Amino acid sequence: MRVPKFSVGQPTRRMEDVGLLTGNGCYADDFRHPDEVHAVFVRSAVAHADIGTPDISSALEVPGVLSVLTGQDWKDEGLGELNGSGFFGILDPKRRDGQDWFRPIRLPLAVGRVRYLGEPIAVVVAETQNAARDAAELVDIHYNPLPIVTDTAEANAPGSVQIYDECERNESFVYEVGDQDATDLAFSSAPLVVKQKFIINRMYASPIEPRSVLARYNAANGKYEIKVGAQSPNDLRRSFGTMMLKVDPNNILIETGDVGGSFGMKSNNFAEAPVLAWASRKLGRPIKWCATRSESFLADTHGRDNVTEGELALDIDGQFLAFRARTNVALGAYMSPAGGVPATLNVGTMAGPYTTPSAHVSVAGVFTNTNPTSAYRGSGRPEAALVIERLIDIAAAKLEVDPAQLRRRNMIPVDAFPYKTPLVFTYDCGDFKTVLNKCQEAADYDGFKARRTEAAGRNRLRGIGIASTIEIAARPGRDTAVLQVGPDGKACVFAGSTNHGQGHATIYRQILSDELGILPEDVTISEGNTAFSPSGTGSNSSRSSAFGSASVLDATKKVAECGLPVAAYLLQSDISDVQFEKGCYSTEQGAGTVSFSDVAKAVADPKLSELVGGAKLEGTGHAVHEAANFPNCCHICEVEIDPDTGITEIVGYWVVDDVGTELNPVIVKGQVHGGVMQGVGQALLENIVFDEDGQLLTGSYMDYAMPRASDICEIVVDSHPVPTATNPYGAKGVGESGTVGSLPATMNAIANALGPIGITHVDTPATPDKIWRLIRDAQK
């Protein structure tokens, strides 16, 4: 029988946390091999330069050094590029002149020229990590410095430094969506137009686990065994095999172990893993590398970093007439595998939950002498939401109407679905006004004026901000899961998803408990191992609640079907009369029931197994979804600003989310809490800064400010589920929702607090220094 308190929808605490919190997790750096050696990468010390052949002679003389390999060595063996599709293979945009989008050749180790600080040039392999570090410092590289460009807004300006001769204006692509003619016409006659330039700063993902790799070439079977923290190990397997190492992808085995956070960053095919796999084949030894914290700032992809000019047209009653935006998005020096995704595939978030008739957005992807950018929690959605939500607040101030009322006036009604927006997306369901109303009620929105007056008596500027946002999750695709149940009734799930903090191991156990009645402690979950799940898709874009759960659910149904012959024998009934539901087999005549666990035990009986044709309780579940889902939410944030110091304190935070069916409400709240903190981190603190020479000024946590628990108050989370029909459980993605809403809500609250003294807009991050200077200027 199923265990009710551990069924789907129950607020069960996460089972995996005990092991992780007590030091019993197994991350990529925890894998060991008795014969392993160590690698250190030599990285560029400048942002743009021609380089000669590295002089490795002194490095090779260091005791314990086994090899020093360069990009020329890689190239001489005819190995391939590091590049990925850039758009997950979904888009194929053009340049301004109609040519195909420009993707520069990128080798894992630079040859001839470096284009960003930290670009890998060589790798040193030694018996010990210290020996490898000592030798790396002795690799002599001659740099002939070249002019640089790091400013996203100016990267494609006339006369700007060209990073690639064959890429005019540094533009990899120009992506346009919407109806430009209709939009321009609406703007030409609109009674009110508000506009704002948004400088959306660059971020670093800061996962708790730095990237690390253990690579071993097994000469006995010709397979590469790679332990690496990653979101989509099968994508890496195919990329490493087909594109880089030039071997059959089936000869590459990838295991992620526990993944200590990723937020999109570990979805990329970085240089280190394939280089170490190649070096392992050459040396006949397993090779390990683990990034230091400071190295990670140089070696990993960054997120965000775009400049947008947005406009909103309204009539005199506050009805939205049209929206348009023009964006420069920094790709960095190269196009990463998901580098084009944030500003293109997720630009539809700019439409919001509103009935705006027409819209047009133009996005230019520009190269700069900086780290390549990629997905970072929200992957373009928070930036898009910030633009439309800030414009609405600016318009509300112009019209002298309440920002919540202006949103409500323009929201898509519940009877309008499916609703095609002017920007790509077609929403399947939602109840946006109710979500907004519930959040206002939770926040005591009507009582804000009194709280603002009280704060003024303490010399504090109090502000309130709203964000009603919507995003796309779980794009069309597929996933698999294999379920095996032994004669002892214990089960093992080999899932195609990859866990890096989402709580899959708990939710999958809830599904097995619900469907088969298996106790949660009798279930083992295996993820992120291509040997057991060679077709799994991994986890990204808030897809696991839709795909992972559906594939595990389908696997339970397949296994239950496998038990039908045994159940029929035990019930002394014809197999066609036996039905299965929630852990029990029964007959239509109601002659009795047999539990799934009884069937599992009976399968172990050799005589019975022979009678029923060798039943085996094993099944492969498939999830194939033809449509995405659209989680949405309302966030309300209240802040107080000290005008003497510029310090912003968040004093109230409320969220109402619609993530469809909540498979586990506790996990949903945890995901929202984490997402809110990352949005607040960008709003108030986090910032990647390069100087005029392309040197990184925020390359450690002494300079890159991370949010702490003390930077926010209690986050009050409520829900208003509207199940989607796009997957069996009706679940919508939740992993990125908190970040999508928190960035615009927090920035709206700050602008609202500063509005009475004449400050109408602040760009991210709203640091104390920035706010203090704005206040001083306003007072002058």
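Before reading further, recall that the structure is shown in the block above.
Here's what I pulled together on the structure shown here. Note that this is a predicted model, so its numbers are computed, not measured.

Another aspect to go through is helix α19 (residues 737–754). Between its first and last C-alpha atoms α19 spans 27 Å; for 18 residues at 1.5 Å apiece the expected length is 26 Å, and the two agree. When you tally the buried positions in α19, you get 17 out of 18 residues, the bulk of the element.

This paragraph deals with the sheet that holds strand β24 (residues 593–595). Spatially, β22-β23-β24 is the arrangement adopted by the three strands of the open sheet, whose pairing is antiparallel. The sheet is open, and its two edges are formed by β22 (578–581) and β24, each paired on a single side. Ignoring strand direction, the axes of neighbouring strands in this sheet form an average angle of 25°. Direction of pairing for strand β23 (residues 584–587) relative to β24: antiparallel, over a ladder of three bridges. Paired with Cys584 across the bridge in β24 is Ser595. Each of β22, β23 and β24 is contacted by helix α15 (residues 564–571), which is oriented at about 55° to β23, the strand it contacts most. Packing against the sheet, helix α16 (residues 596–603) makes contact with β22, β23 and β24, and its axis sits at approximately 70° to β24.

Attention shifts here to the sheet that holds strand β7 (residues 171–178). Read across the sheet, five strands follow the order β7-β15-β14-β13-β8 without closing on themselves; strand pairing throughout is mixed. Edge positions in the open sheet fall to β7 and β8 (192–203), since each of these has one partner strand only. When strand polarity is set aside, the average angle formed by the axes of neighbouring strands in this sheet is 10°. Bridging between β7 and strand β15 (residues 358–367) involves seven bridges; their strand directions are antiparallel. Its bridge partner being in β15, Tyr175 is matched across the sheet by Val363.

The next thing to look at is the packing of helix α6 (residues 233–245) against helix α7 (residues 272–283). Contact geometry of α6 with α7 gives a least axis separation of 11 Å together with a crossing angle of 65°. For the element pair α6 / α7, the angle class is roughly perpendicular. α7 is crossed by α6, and the crossing has right-handed handedness. In this structure, α6 contributes Phe240, Met244 and Leu245 to the contact, and α7 contributes Ala273, Pro274, Ala277 and Trp278. Considered class by class, the residues forming the contact of α6 with α7 number seven nonpolar, no polar and no charged.

Let's shift gears to helix α5 (residues 180–188). Residues of α5 that are buried include every one of Thr183, Ala186 and Phe187, and no others. Buried residues of α5, seen end-on, are gathered within an arc of 100° and therefore sit on one face of the element. Facing away from the buried side of α5 by more than 90 degrees, the exposed set consists of Asp181, Leu185 and Ser188. Among the structural elements, β8, β13 (303–314), β14 (320–332) and β15 are those in contact with the buried residues of α5. Measuring from the backbone nitrogen of Asp181 back to the side-chain oxygen at the start of α5 gives 3.3 Å, which picks out Asp179 as the cap.

Now for the packing of aromatic side chains. A complete count under the given rule lists 20 aromatic pairs for this structure. Centroid distance Trp74 to Trp278: 5.2 Å. Interplanar angle 80°. Geometry classified as edge-to-face. Placement of Trp74 in helix α3 (residues 71–76) and of Trp278 in helix α7 is noted, with a sequence separation of 204 residues between them. Relative accessible area serves as the criterion here: at 0%, Trp278 is assigned to the buried category. For the pair Tyr204 and Phe297, a centre-to-centre distance of 4.7 Å together with 40° between the ring planes defines the contact as tilted. Here Tyr204, found in the loop between β8 and β9 (212–218), pairs with Phe297, found in helix α8 (residues 293–299); they are 93 residues apart in sequence, far enough to count as distant. Across this residue pair, the class does not change: Tyr204 and Phe297 are buried.

A separate point is the environment of Glu119. Note that Glu119 resides in the loop between β4 (113–114) and β5 (120–126). What makes Glu119 buried here is its relative accessible area of 3%. Placed 72 residues apart in sequence, Glu119 and Ala47 show a C-alpha to C-alpha distance of 8.4 Å. With residues near it in sequence (within four places) discarded, Glu119 still touches Val42, Arg43, Ser44, Ala110, Arg113, Val114 and Tyr334. Among the polar contacts listed, one links the side chain of Glu119 to the backbone nitrogen of Arg115, at a separation of 2.8 Å.

Looking now at the pairing of strand β27 (residues 648–658). Across the eleven residues that make up β27, a large majority, nine, are buried. By the bridge criterion, ten bridges tie strand β26 (residues 632–641) to β27 in an arrangement that is antiparallel. From the neighbouring strand, Val639 faces β27, where its bridge partner is Ile650. Counted along the chain from β26 to the antiparallel partner β27, the turn is six residues long, and its residue Gly646 has a positive phi close to 80°. For β27 and strand β28 (residues 715–719), the ladder comprises five bridges, and the chain directions are parallel. Looking at β28, one finds that Val656 is bridged to Asp718.

About the thresholds
Residues numbered from 1 in each chain as written. Predicted model: local features only at pLDDT ≥ 70, side-chain atom pairs only at ≥ 80, totals over all residues. Heavy atoms only, no water. Helix = DSSP H or I, 4+ residues; strand = E, 2+ residues; numbered from the N terminus. Expected span 1.5 Å × (residues − 1). Buried < 20%, exposed > 50% of the residue type's maximum accessible area, 1.4 Å probe, protein only. Pairing = 2+ DSSP bridges. Axes fitted to C-alpha atoms, helices over the stretch in contact; angles between N-to-C directions. Contact = heavy atoms within 4.5 Å. Parallel < 35°, antiparallel > 145°, perpendicular 65-115°, else oblique. Left-handed = near helix turned anticlockwise from the far one by under 90°. Nonpolar A, V, L, I, M, F, W, Y, C, P; charged D, E, K, R; others polar. Arc of directions from axis to C-beta. Polar contact = N/O pair within 3.5 Å; in protein donor to acceptor, adjacent residues only side chain to side chain. Phe/Tyr/Trp six-rings, centres within 6.5 Å; stacked < 30°, edge-to-face > 60°.

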